Amino acid sequence: MYVHVPFCERVCPYCDFAVIAARPLTRELEDRFVAGLLVELERRAPAFDGRRLASLYFGGGTPSLLHPESVERVVEAVHRAFPASPEAAVEITLEVNPSTLERSRLPDFRSAGVARVSVGVQSFQDPVLKRLGRAHGAAEAHRTLAACRDAGFPSLSLDLIYAAPGQSAGDLERDLAEVTSFAPEHVSAYELSVEAGTPFALARERGQLELPAEDVALAMARNLEERLAAAGIQRYEISSYARPGCEAVHNTRYWRRRPVLGIGPSAVSTDPPVSDQTPFGSRRRNLPAVVPWLEGIESGSAAEASPPEVFDAATARGEAVFLALRELRGLDAGRFAGEFGAPPRQFFAAEIDELRADGLVDEDADGSLRLTRPGRQLADTVFVRFV
Amino acid sequence: MTDPSRIRNFCIVAHIDHGKSTLADRLLDATQSISKREKRAQFLDNMDLERERGITIKAQTVRMSYVASDGERYILNLIDTPGHVDFSYEVSRALHACEGAILVVDAAQGIEAQTLANAYLAVDAGLEIIPIVNKIDLPSADPDRVAVEIEDVIGLDAADVLSVSAKEGDGIPELLEAIIGRIPPPKGDREAPTRALVFDAWFDSYVGAAMLVRVVDGSLTRGARICMMAHGTERDIQELHVVDPFPRKVEALRAGEVGVVIAGVKTLAEVFVGDTLCLAGKNLPERLPGFLEAKPMVFTGLYPVSSEDFEALKTALVKLKLNDSSLSYEPETSAALGFGFRCGFLGFLHSEIIQERLEREYDLDLITTAPTVRYRVVMPGGEAFEIESPASLPSAGEYDHIEEPMILATIHTPDDYLGPVLALCQDRHGTQRDMMHHGSRVQVRYELPLAEVVLDFHDRIKSVTRGYGSFDYEFIDYRRADLVKLDVLVNGESIDALSLIVHREKAHGHGTILVRKLKEFIPRQMYEVVLQAAIGARVVARTTVKALRKNVTAKCYGGDISRKRKLLEKQKAGKRRMKKVGSVEIPQEAFLAALKLDDS
C-alpha cells in the first residue's frame, strides 16, 4: 500500500511530484486529511479483497509533517483492512526530511509501527544542498540520521542526488564517505533529472543551470556503484542499492508489476486483475489537488482524476518487461510466461536479438532477460523496444 | 445573342493582398450577379487552401450583366488571374482573353513588384488599363501619392486613376462606368474561321476536363467537332456554359464571348493552357500566338515515410494532377529512401502547396528532398540532356559542362534597404541588369541562377527589406556554370537523397554548413555517426554525432509507471518516423537540412 502525503514546508526546484507548500498543515487540515485517507481505504479495500499486506509506504511530499498519532491511525486501519503476509514482516516505511521538527517525532513514529525510514539527505555538501534549494544543511542531516538510529529503526534508507548543479566528482566522493560511515541498510541514488515545468527546467532553458558534463556524470555513477559495493551495499536496481536482504519490498512490487493500493491525492493504484473484465489489471489515479480529492472522498463521489486505465495484453507485457529490467536480476522468463502464456522471446524475438547484438541485453537459456553493464546506462534505449 | 459592342472582357491585376478578390466580390454585388444567400466572402477563391494563403491558384471567370448609365445592358466578363510569381505564364494567357485590365494598387503600400510585373504583362497583351487606388478607407491611405507613383512608374495618367474602397463599396459605380467607357469591345470577326483561346482548364469529376475559352473569331456551337491545335486532337463539343456566376448551358459561344467548353476530354493532361480551339476540317486557321507548354521549373523528391504508403501517394498525385496540369511526377528510386516520385512544380510555392495538400487532404507522411532545378548536361560530343535530380548527374569527367537555368528577377524596395538587397543578389551570383529610382522606391533587375532563388529568395528579400520589398521573376535561358555535385556520406555511405548541385566555389561552405545542420537533426545513436560532405572522392567537410552513452530514467515508481511508459511509447513513435539508412536512423527533417543552409 502507498499513502501519499502531499504537504511540504517548501517545494524543491527539481520536484515534479504532487505537493503543496502554500499553506501550513494545521491540525484541523491534518485531521480532515487523515479521516479522508481512512474513508478512501474503506472504499477501495474490496478491490484488493483476499490479499495480504506486504508493505505500507508513506511518501510525499513530506509525510513526517504528520503527527505520529495520525500515522498510527492509518497504520492501524490498514492492519484492520488486510491481514499481514505470513512470509515476512510487513515493511512500513516513512519518508523523513532532515529537520528539527521531524527529528523530535522520530521515537513516536517508531512506536506507531514504522520500521523503516527513508531520509531525504540528497547531499552532505552545503553548497550542493543550497543549489538544490533544500532547506536543510549537512549538520541537520547528520543529526537526523543519528536520531533515526537512536530511535531504533531497524532499517534506514538514505536518498542521494548526484550530477546536481555545480556538483563535482569530489563533492560526491565526500558524500559517499559520509554515507558509508552511517552504514545504512539501503541507498537510493538518483541522477538529477530535469523535469518539464519545474524551476530547474526554466533555468536550463535560460542557460542558467550548470549540470556536470556527461563524462563526469558517468564517472560519478561508476564511483557510486563501486564505493557502495565496497561497503557491502550492492546495486540491485538502476538507482537502488542495499545490503543483501534489505532491498525495498515496496519498490520491488512496482518493478515486478504487482498490485498496489494507493490512497491520498494523486496516488496511483495498480489494481489486481479481475478475470473476465480486466485480465491484465488496471491502473487508477486520484485527483491531484488536496481539496478536490477530499471533497470527492467526503461526498462519496469521484476522487479519481480519470477513468481507470485498463490494460490489454500487449501494454501489460511491455510494462512487465521494462519494469523488470530495471532490477539487476532482470526479467524472470518463468514468471513472465505464467502471466502471459509464453516466455518473452515469443513476443519480442527481433528486439531481443538486436539488443543482444548491440550488447545491451543478456538472455539466459530459459529466456530470462537482464541488462548488461552498458545496457544499464542506455536502459531507456532498451525499454523503447518493448513498449 | 449579345452584340459584341455590348461585351467587355477584363481582368483584375494586382500585387498580392492589394484587394483583388474583395474588388471582384464588390463588382458581383453591384451587378447583383450573386444573391446574399449564395454569397460567401471572396467568391472567386474556391479552395480552402487558397483562402488560407490569400492567393488564387486556379483562375475562374464570371459573367455579369450590367445596365450602364446609357440605358444599355452590357455583358461583363471578369477573368480572374492567378496572383503569384510562379504562375506568370497562366496570367499572361488569361490577359490575352481580355481587352482591358483593372490595375489595383494599395493606397497605403503603393506599387510593388507584382503590380509592375502584371502591369507590364497587361501592356504587352495590348490591354486598356484602368488604374485604381484601393483601400482608400485605410487611415494610412495616400491615394494622391500613389496616383503620382502610377504615373511616374507605369506611365499612366494620374488623372485617370480612380479611387476605390472595395471593402466599403466606394467608387464602384464609377469603376463600372469606366469599364464600359474605356475598355474597347472585343474586335473578333464572327464570320471568320473559328478560333478560341484556352486560358484555363480544370478537372470536373463528372465530365472530365473543362476548358475555359475566349472565342476570338467565328463561333463554337454545341455538337460541333473541334480540333485542339497543340496536338491536333479532335473532339465533339458536348456542352457549352457561361458562368453567371454559376454554370448555365448555352447553345453557342460567339466571337468576343467567354465560356466553358466540355468536349469529352478525359484528363487535364490533354489540355494545354494557351492552346487554340478551331473547327475540325481540312483547312485549319492559323494558331493564336503565344502558346507555351507549362514547364516545371523546380523539382523535389517526394517519398512516403513508410513504404506501405507508396500506392497511396501515387493515387494522391494522380488525383492532384487531374486538376493541376503543371504538376509533373515520375517514379524515382532512392537507395536511401526507397520508392517515391520526382515531382516537378512551377515554383517553390507551388511545390509547398502540393506537399501541404498531400499531407493534409491525403493524410500522408512525406519526406521531401531539397528542391532542385532542371540542369542541362552537355556531353563532350555536344549532345545535351536535362536532369531533374542531382542523383542523375554523371560522374565528373564524363560530361563536358553543365548549364543552369537563369531568370530575370525584378525587385522593388524602399531605397533604405537597397544595400542589403544588392548584397543578397550578389551573394546569389546575380548580375545587375538595371536600376530605376522613383521617389523613395527603387526597382532593380538582376539576372540570377534559378537555383539560387527557388528556395528562400523571396523570404530573404522580405526579411532584408523588413517586409517592404517585393519580387517577381521570369525565365531567360540556360547558361554554362561551374557546378559540382556535393554528396553527403553517413558512415561512409552516400545518401543519394541528400546530394546537391552547387557552384564549385560555394561547395566547401555549403558542405560545412550542411553537415553541421545534419548533426543537429540526427539524434545520438548506439554508435558514433560520421557525417561527410564530398565532391567525388574529395571530402570537403566532416563532423561526427557522438555515440549515445547515457539514456536512463533514474526514478520509476508507482506514480510514474504509466507516464514513463507513455514517454517510451512516444520515443518509439518518433523512431518509427525515421528512415533507417544502414544502421543509422535519420529523421524526416534531416532531409530538409539543405534548405536551412543560409542560417549560418
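Residues numbered from 1 in each chain as written. Chains lettered and ligands numbered in written order. Predicted model: local features only at pLDDT ≥ 70, side-chain atom pairs only at ≥ 80, totals over all residues. Heavy atoms only, no water.

Student: What's the story with the sheet that holds strand β10 (residues 268–271) of chain A in this structure? I'm lost.
Tutor: Either a parallel or an antiparallel arrangement is found when strands of a sheet pair, and the pairing is made through backbone hydrogen bonds. Residues and elements named next belong to chain A. Within the open sheet, the three strands sit side by side as β10-β11-β12. Their pairing is antiparallel. Strands at the two margins of the open sheet, each flanked by one partner only, are β10 and β12 (309–310). In terms of strand pairing, strand β11 (residues 282–285) meets β12 through two bridges, oriented antiparallel. Note on β12: the bridge partner recorded for arginine 283 is glutamate 309. (Pairing = 2+ DSSP bridges. Helix = DSSP H or I, 4+ residues; strand = E, 2+ residues; numbered from the N terminus.)

Student: Whenever I open this one, the sheet that holds strand β1 (residues 7–14) of chain B confuses me. Can you help?
Tutor: Residues and elements named next belong to chain B. The mixed open sheet is built from six strands, whose spatial order is β2-β3-β1-β4-β5-β6. Looking at which strands have only one partner, the edges of the open sheet turn out to be β2 (61–67) and β6 (162–163). As judged from the seven bridges shared by strand β4 (residues 100–106) and strand β5 (residues 128–134), these two strands associate in the parallel manner. Counted as the bridge partner of glycine 100 is glutamate 128 from β5. Where helix α1 (residues 20–30) meets the sheet, it contacts β1, β2, β3 (73–79), β4 and β5, and its direction lies at approximately 150° from that of β1. Against the sheet, helix α5 (residues 143–154) engages β4, β5 and β6, with an angle of about 150° to β5. (Contact = heavy atoms within 4.5 Å. Axes fitted to C-alpha atoms, helices over the stretch in contact; angles between N-to-C directions.)

Student: Explain the nonpolar core to me, please; I cannot follow it from the model alone.
Tutor: Generally speaking, soluble globular proteins have nonpolar side chains that are buried together. Residues and elements named next belong to chain A. By size, the foremost hydrophobic cluster in this structure holds 64 residues, and its most contacted members are Met1, Val3, Phe58, Val71 and Phe82. Dropping the residues within four chain positions of it, valine 71 is found in contact with Phe58, Leu66, Leu94, Phe109, Ala112 and Val114. Among the nonpolar cores identified, the runner-up in size contains 42 residues, and Ala267, Leu323, Ile352 and Val384 belong to it. (Core = buried A, V, L, I, M, F, W, Y, C linked by side-chain atoms within 4.5 Å. Buried < 20%, exposed > 50% of the residue type's maximum accessible area, 1.4 Å probe, protein only.)

Student: Got a minute to help me understand the pattern of salt bridges in this structure?
Tutor: Enumeration according to the criterion identifies 60 salt bridges over all chains in this entry. Where arginine 27 of chain A meets glutamate 69 of chain A, a salt bridge forms, and the shortest distance between an N and an O atom there is 3.4 Å. Here arginine 27 of chain A is found in helix α1 (residues 27–44), whereas its partner glutamate 69 of chain A is found in helix α2 (residues 68–81), with 42 residues between them in sequence. Of the residues examined, arginine 27 of chain A reaches a relative accessible area of 36% and is grouped as partly exposed. Salt bridges here are not isolated pairs; linked through shared partners, they connect Arg257, Arg283, Glu309, Glu319 and Glu339 of chain A together with Arg565 and Glu569 of chain B. (Salt bridge = Lys/Arg side-chain N within 4 Å of Asp/Glu carboxyl O.)

Just geometry here; none of it tells us what the structure is for.
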